[in-house]
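Okay, here's what each chain looks like letter by letter:
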Amino acid sequence: MRRFWRFLETIVIGSIGGMIFYRFQLPLPFILGSLTFITLWQGLMLRTFYLPAPVVDTGFIILGINFGLAFTLDTFRTISMYILPFLIIVLIMLFFCVFIGLAIARKLAIDPVTSVFACIPGGLTEMTLASKALGANETHVAIFQTIRLLTVIFIVPFTLTRLFSVVGRTPLATEPVLVPSFTFTYLLYLIPACAGFFLKKRIPAGIIIGTLGTTALMNLTSLTLPEIPSYLVAMAQIAFGANLGMGITFSELKKAGRYGFYFLGAALVIVVFSMLCGALFALFTPLNLQTALLSTAPGGLFEMVVTATSVNGDPAIVSSLQLIRILLIVTIVPSVLKWYFTKYVYNHIENSTRGKT
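Predicted model only: the values in this text are computed from it and were never measured. (Residues numbered from 1 in each chain as written. Predicted model: local features only at pLDDT ≥ 70, side-chain atom pairs only at ≥ 80, totals over all residues. Heavy atoms only, no water.)

1. Concerning the packing of helix H6 (residues 112-119) against helix H8 (residues 138-163)
Part 1 of the reasoning: Between H6 and H8, whose axes approach to 8 Å, the crossing angle comes to 30°. Taken together, the axes of H6 and H8 lie roughly parallel to each other. When the axes of H6 and H8 are compared, the crossing they make is right-handed. Along the contact surface, H6 presents Thr-114, Phe-117, Ala-118 and Cys-119, while H8 presents His-140, Val-141, Phe-144, Gln-145 and Arg-148.
Part 2 of the reasoning: The residue makeup of the contact of H6 with H8, split by class, is five nonpolar, three polar and one charged. (Axes fitted to C-alpha atoms, helices over the stretch in contact; angles between N-to-C directions. Helix = DSSP H or I, 4+ residues; strand = E, 2+ residues; numbered from the N terminus. Parallel < 35°, antiparallel > 145°, perpendicular 65-115°, else oblique. Left-handed = near helix turned anticlockwise from the far one by under 90°. Contact = heavy atoms within 4.5 Å. Nonpolar A, V, L, I, M, F, W, Y, C, P; charged D, E, K, R; others polar.)

2. Things to note about helix H14 (residues 289-296)
Part 1 of the reasoning: Within H14, seven of the eight residues are buried, which leaves it mostly tucked inside the rest of the structure.
Part 2 of the reasoning: When H14 is considered as a whole, its buried residues turn out to be Gln-290, Thr-291, Ala-292, Leu-293, Leu-294, Ser-295 and Thr-296. (Buried < 20%, exposed > 50% of the residue type's maximum accessible area, 1.4 Å probe, protein only.)

3. Side note on the packing of aromatic side chains
Part 1 of the reasoning: Tallying each qualifying case throughout the model produces nine aromatic pairs.
Part 2 of the reasoning: Consider the rings of Phe-4 and Trp-5, whose centres lie 5.3 Å apart with planes at 70°: the pair is edge-to-face.
Part 3 of the reasoning: With relative accessibility at 43%, the residue Phe-4 sits in the partly exposed group.
Part 4 of the reasoning: Note on Phe-144 and Phe-263: the rings are 3.9 Å apart at their centroids and 15° apart in plane angle, and the pair reads as stacked. With Phe-144 in helix H8 and Phe-263 in helix H13 (residues 259-283), the pair connects residues that are 119 residues apart, well separated along the chain.
Part 5 of the reasoning: What makes Phe-144 buried here is its relative accessible area of 1%.
Part 6 of the reasoning: On the basis of relative accessible area, Phe-263 is assigned to the buried category, the value being 2%.
Part 7 of the reasoning: In textbook terms, an aromatic cluster arises when at least three aromatic residues are bridged by ring pairs, as seen for Tyr-82, Phe-86 and Phe-281. (Phe/Tyr/Trp six-rings, centres within 6.5 Å; stacked < 30°, edge-to-face > 60°.)

4. Let's talk about the side chain of Arg-148
Part 1 of the reasoning: Within the secondary structure, Arg-148 sits in helix H8.
Part 2 of the reasoning: Among the polar contacts made by the side chain of Arg-148, one reaches the side chain of Gln-145 at a distance of 2.8 Å.
Part 3 of the reasoning: Arg-148 has contacts with Ala-118, Cys-119, Ile-120, Pro-121, Gly-122, Ala-267, Pro-298 and Gly-299, leaving out every residue within four places of it along the chain. (Polar contact = N/O pair within 3.5 Å; in protein donor to acceptor, adjacent residues only side chain to side chain.)

5. A few points about empty space enclosed by the protein
Part 1 of the reasoning: Following the criterion strictly, the structure yields two cavities of 30 Å³ or more and no others.
Part 2 of the reasoning: Considering only enclosed or pocket space, the largest cavity measures out at about 40 Å³ in volume.
Part 3 of the reasoning: Every residue along the wall of the largest cavity is listed here: Val-90, Met-93, Leu-94, Pro-121, Arg-325 and Ile-329.
Part 4 of the reasoning: For the lining of the largest cavity, the secondary-structure elements that each account for two or more residues are helix H5 (83-108) and helix H16 (315-356).
Part 5 of the reasoning: Among the elements that take part in the lining of the largest cavity, H5 stands out by supplying three residues, more than any other.
Part 6 of the reasoning: Of the pockets and cavities examined, the second largest cavity occupies roughly 30 Å³.
Part 7 of the reasoning: Taken together, Ile-143, Thr-146, Gly-247, Ile-248, Thr-249, Glu-252 and Leu-253 make up the full set of residues lining the second largest cavity.
Part 8 of the reasoning: When residues of the lining of the second largest cavity are traced back to their parent elements, those giving at least two are H8 and helix H12 (250-256). (1 Å grid on protein atoms, 1.4 Å probe; cavity = no way out; pocket = protein on both sides within 12 Å on 5 of 7 lines; lining within 4 Å. Points joined across faces, edges and corners; volume = space filled by probe spheres on them.)

6. Considerations on the packing of H8 against H13
Part 1 of the reasoning: Where H8 meets H13, the closest approach of the two axes is 9 Å, and the angle between their N-to-C directions is 40°. Compared by their axis directions, H8 and H13 come out oblique. Crossing angle aside, the handedness with which H8 passes H13 is right-handed. For the pair H8 and H13, contact is made by Phe-144, Ile-147, Arg-148, Thr-151, Val-152, Ile-155, Val-156 and Leu-160 and by Tyr-259, Gly-260, Phe-263, Leu-264, Ala-267, Leu-268, Val-271 and Met-275, respectively.

7. So, the side chain of Thr-215
Part 1 of the reasoning: The topology assignment puts Thr-215 in helix H10 (residues 206-219).
Part 2 of the reasoning: Not counting chain neighbours up to four residues away, the residues in contact with Thr-215 comprise Ile-65, Gly-68, Leu-69, Pro-192 and Leu-225.

8. Things to note about the state of the cysteines
Part 1 of the reasoning: Scanning all chains against the criterion turns up zero disulfides.
Part 2 of the reasoning: Residue Cys-97 stays outside any disulfide, its sulfur separated by 6.9 Å from that of Cys-119, the closest cysteine. (Disulfide = S-S within 2.5 Å.)

9. Regarding the nonpolar core
Most often, soluble globular proteins keep nonpolar side chains buried together rather than apart.
Part 1 of the reasoning: With 56 residues, the main nonpolar core has Val-156, Leu-294 and Phe-302 as its most contacted residues.
Part 2 of the reasoning: Counting residues per element, this core draws most heavily on helix H3 (residues 53-68), which supplies seven residues.
Part 3 of the reasoning: Apart from residues no more than four positions distant in its own chain, Leu-294 is found in contact with Val-156, Leu-160, Met-304, Thr-307, Ala-308, Val-311, Val-318 and Gln-322. (Core = buried A, V, L, I, M, F, W, Y, C linked by side-chain atoms within 4.5 Å.)

10. Section: the environment of Ile-155
Part 1 of the reasoning: Within the secondary structure, Ile-155 is located in helix H8.
Part 2 of the reasoning: The exposure class assigned to Ile-155 is partly exposed, which follows from its relative accessible area of 30%.
Part 3 of the reasoning: Spatially, the C-alpha atoms of Ile-155 and Leu-268 are 8.7 Å apart, while their sequence positions differ by 113 residues.
Part 4 of the reasoning: Look past the residues within four positions of Ile-155 in its chain and what remains in contact with it is Leu-268 and Val-271.

Next comes the structure, spelled out in structure tokens:
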């Protein structure tokens, strides 16, 4: 019963936050509103929230299906011409993030492995685990990655919705909340749901990739897939935001101490640099500016795709390129950094030994 009441409190507080953000026409209201209220409520009121894993997973599946429906055959044809320039942009951004991380490490005299992994715009869990394998301070990496993620998902949507003069609401702002009659075609969504659960623990972001990818492939066939009701999308976003908010505690932020301000500044610099990269991406490709900017934004796949629907961007292209970026980072970057830091430590020890002799 305790868990039930904590779960109910989590949903109520998250929903209130989402509705307040929605009422004031703020960007990503159901995600950011839920995240903000959950974080503040548990920090100020000293409450412990509870959100069962099946609820979070269901939210991911609903959002994955909803985004997968945006894919068409033209999307896949279009993406092929963007992959090479996008990979170049991503590599430039990664080198820049490593440079920023090393600069902070020298400035603060902290472990360079911890500093660099804290700046890499990859998955929070993946970067934390990868840094642990190299002997970094995994707690600090997790905290600084959280600061980076929050900086991106708050600043990028707010900036773009103001920049492109679009009312900062989700599609729900202009669409009535409809409750469609049930049809057996909804059972088709069991296929992407199963794919998401199958890949959940097998690959990074597996539940997202499996659900979104399978839905996209099904949408290319002759099957007629029904739209996801808007109220379900809103509920999934609230669950997603609440889950993020539950992972942010005042005590953990205090642990970062004065280092947190440096990594907040680093996150801001990385966001600005990603915007410049996005502008270059738009300049050398036929993509419109908002789609290019959201494709290169350093983190928050769901948040960037939702923002794309609010600023007349192409959510299918944004999700495709963001997935490519995330997969590249979580599969290749840890191994490259491991090689680099192993060589770095070896050379450092060798130079120190020569200096003593």
